[in-house]
Amino acid sequence: MMSERVYSLRWRIPFPRSIAGLWLFAIGAILLVMLGVQILTGIVLAMFYVPTAGLAFDSIIHIMRAVRHGELIRNMHAIGASLFFFACYLHIFRGMYYNVYRKPWTTMWLISVTLYILLMITAFLGYSLIWGQKSYWAATVITRFAQAIPLVGDTLYAYLVGSHTPGTPMLGRFFVIHFILPFVIVVATVFHIRTVQSAFAQAMKKKFSEKESRSLLFDYKITDLDAIKITLFLMLFAWFLFFAPHYLSSADNFIPADPTITPAIVAPEWYFLPFFSILRCFPNEFVGLAAMCGSILIFYFLPWLDTSRARFRHYSKLVKCGFWLWVINACFLGWLGSKALVGPDLLDGFRNEEGWIRAASQLSTLIWFAWFLIVLPCRRFLEKQD
């Protein structure tokens, strides 16, 4: 059959045939392609970018207007970041749905979460480098939350910003770290792919020879269907690039940063909105910061929070429905994060028609944590254990 023809690299991984036709299992290859796009375009942009408060925004405009193919490269980098996160979230949700964090996948999952955190840091730093009105105020708000950390908050803020307010020292720090982190991500990706090989080998009860273990960089079967999936994703990328290059960007970011004018809504890019909504939904800044960090770091503990050992065919329909409700709730959190936060918190009730944004954010945050801390630990009572 056509789908069984395999174009393999020099080395091959034992790959279950049962997943060869599932569309979500090509996302890892898509992420590799997008990582390459981001690194290549980022290197070109770094050649022309000037990390100073007075010239950062103008250097980006110069790239788009005066550098040959500069606008294309800059749009590839910006759109690629959004689609990178889109594919990354599909990859995470797929892993959570199929419970690809249990043994023998635990190490692979932990490296995946680390990669995601590194990706978030890199994206936030890159977004701040635009030095437009929205990115400036988003960076200002996020860095100020560091001051809410007891004992070390002021020191951490001083190291991040390097001054009383965000400016050239902060841009220099962010630019250096933003340039270095992608190469750290590449190294972590190699380790991640090697753990994929090891996990598949354990799951399929196959041992690699000593020669295979030494020479194996990554073992991945690229089937005809995988090539189709990557091509379709690149078509989506091309559509945004040529027909809607600024659809995923904020209009405020085409205005130079002005510390004297605060935008009506201060919010990061769409892929940070669920966590931003959690961050700001509590009146106390430290509680909000702890809740946001906890909402990300809790992914590390999934292998131990999920007490079920059932195989996929024995997954409870109630748990499956709960998972999709959690995904919908995550999207709702993101939508709430894009709205202005006005009104009382949940304990004060609805005193005016604008108060529901904060209340809904707090309720949605509770649902976010309830999945990890209540549903997953209890699912073993709902499923037949293998």
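Note that the structure is predicted; figures quoted are calculated from it, not measured.

Conventions we followed
Residues numbered from 1 in each chain as written. Predicted model: local features only at pLDDT ≥ 70, side-chain atom pairs only at ≥ 80, totals over all residues. Heavy atoms only, no water. Helix = DSSP H or I, 4+ residues; strand = E, 2+ residues; numbered from the N terminus. Buried < 20%, exposed > 50% of the residue type's maximum accessible area, 1.4 Å probe, protein only. Contact = heavy atoms within 4.5 Å. Areas by Shrake-Rupley, 256 points an atom, 1.4 Å probe, with all protein chains shown as cover. 1 Å grid on protein atoms, 1.4 Å probe; cavity = no way out; pocket = protein on both sides within 12 Å on 5 of 7 lines; lining within 4 Å. Points joined across faces, edges and corners; volume = space filled by probe spheres on them. Nonpolar A, V, L, I, M, F, W, Y, C, P; charged D, E, K, R; others polar. Axes fitted to C-alpha atoms, helices over the stretch in contact; angles between N-to-C directions. Parallel < 35°, antiparallel > 145°, perpendicular 65-115°, else oblique. Left-handed = near helix turned anticlockwise from the far one by under 90°. Core = buried A, V, L, I, M, F, W, Y, C linked by side-chain atoms within 4.5 Å. Domains from an automatic or database assignment. pLDDT = per-residue confidence, 0-100. Salt bridge = Lys/Arg side-chain N within 4 Å of Asp/Glu carboxyl O.

## As for the overall build of the protein
The number of helices and strands found in the protein is 14 helices and two strands. The proportion of buried residues among the 386 residues of the protein is 48%. Expressed as a percentage of contacts within the protein between residues at least 6 apart in sequence, the contacts between residues at least 24 apart total 79%. Here the protein has roughly 20,100 Å² of accessible surface; of this, 69% comes from carbon and sulfur atoms.

## Thoughts on the layout of surface pockets
One number sums up the size of the second largest pocket: a volume of about 850 Å³. As for the second largest pocket, its lining consists of 27 residues, and the residues nearest its centre are Ile121, Phe124, Ile142, Met292 and Cys293. Elements with a minimum of two residues in the lining of the second largest pocket: α4 (106-128), α5 (133-145), α6 (153-161), α7 (168-203), α10 (273-280) and α11 (285-297). Here the lining of the second largest pocket is built from residues that sort into 25 nonpolar, one polar and one charged.

## As for the packing of α10 against helix α14 (residues 356-378)
Where α10 contacts α14, the two axes come as close as 9 Å, and the packing angle between them is 110°. The angle between the axes of α10 and α14 places the two elements in the roughly perpendicular class. Regarding α10 and α14, the two cross each other, and that crossing is left-handed. Facing Phe275, Ser277, Ile278 and Arg280 of α10, the residues of α14 in contact are Ile357, Arg358, Ser361, Thr365 and Trp368. Of the residues that constitute the contact of α10 with α14, the class distribution is four nonpolar, three polar and two charged.

## Looking at the nonpolar core
Phe85, Met96, Phe299, Trp326, Trp368 and Phe372 are the most contacted members of the largest nonpolar core, which totals 88 residues. With 13 residues, the single largest contributor to this core is α4. Inspection of this core shows a minimum of three residues originating in each of domain 1 (21-260) and domain 2 (266-385). In this structure Phe299 touches Ile92, Met96, Trp109, Val113, Trp326, Trp368 and Phe372, once residues within four positions along its chain are discounted.

## Comments concerning the confidence of the model for the protein
Summary statistics for the protein give a mean pLDDT of 82 and a share of 82% for residues scoring 70 or more. Predicted confidence for residues 1-23 stays below pLDDT 50, and this span has 47 contacts to residues more than four positions away or in other chains. Ignoring residues within four places in sequence, the model shows residues 343-353, a span with pLDDT below 50, making 17 contacts including any to other chains.

## Section: empty space enclosed by the protein
By the definition in use, this model includes four cavities of 30 Å³ or more. Lining the largest cavity we find 42 residues, and of these Leu45, His77, Gly126, Tyr127 and His178 sit closest to its centre. Breaking the lining of the largest cavity down by element, the ones donating at least two residues are α1 (27-46), α2 (56-65), α3 (70-97), α4 and α7. With nine residues, α3 is the single largest residue contributor to the lining of the largest cavity. Of the residues contributing to the lining of the largest cavity, the split by class is 29 nonpolar, 11 polar and two charged.

## Points about the pattern of salt bridges
This structure, assessed with the given rule, holds two salt bridges. Its salt-bridge partner being Asp306, residue Arg102 comes within 3.4 Å of it at the nearest N-O pair. Of this pair, Arg102 sits in the loop between α3 and α4 while Asp306 sits in the loop between α12 (302-305) and α13 (317-337), and the two are 204 residues apart along the sequence. The residues Arg102 and Asp306 share a single accessibility class, namely buried.

## Concerning unusual backbone geometry
Of note, His69 is a non-glycine position whose phi angle comes to about 60°, a positive value. You can see His69 is positioned in the loop between α2 and α3. Using a relative accessible area of 56% as the deciding quantity, one classes His69 as exposed. The backbone of Trp131 shows a phi angle near 60°, a positive value even though the residue is not glycine. Looking at where Trp131 falls in the secondary structure, it is placed in the loop between α4 and α5.

## Focus: the environment of Ile265
Examined against the element boundaries, Ile265 turns out to sit in the loop between α9 (224-243) and α10. Among the residues examined, Ile265 registers a relative accessible area of 31% and is labelled partly exposed. Residues Ile265 and Trp137, spaced 128 residues apart in sequence, show a C-alpha to C-alpha distance of 9.6 Å. In this view, Ile265 contacts Ser338, Lys339 and Ala340; residues no more than four positions away in its chain are not counted.

## Section: the packing of α10 against α13
Between α10 and α13, whose axes approach to 7 Å, the crossing angle comes to 70°. Of the possible angle classes, the one that applies to α10 and α13 is roughly perpendicular. Here α10 and α13 pass one another in a crossing that is left-handed. Along its contact with α10, which presents Leu273, Pro274, Phe276, Ser277, Ile278 and Arg280, the element α13 presents Ala330, Leu333, Gly334, Leu336 and Gly337. Classifying every residue of the contact of α10 with α13 gives seven nonpolar, three polar and one charged.

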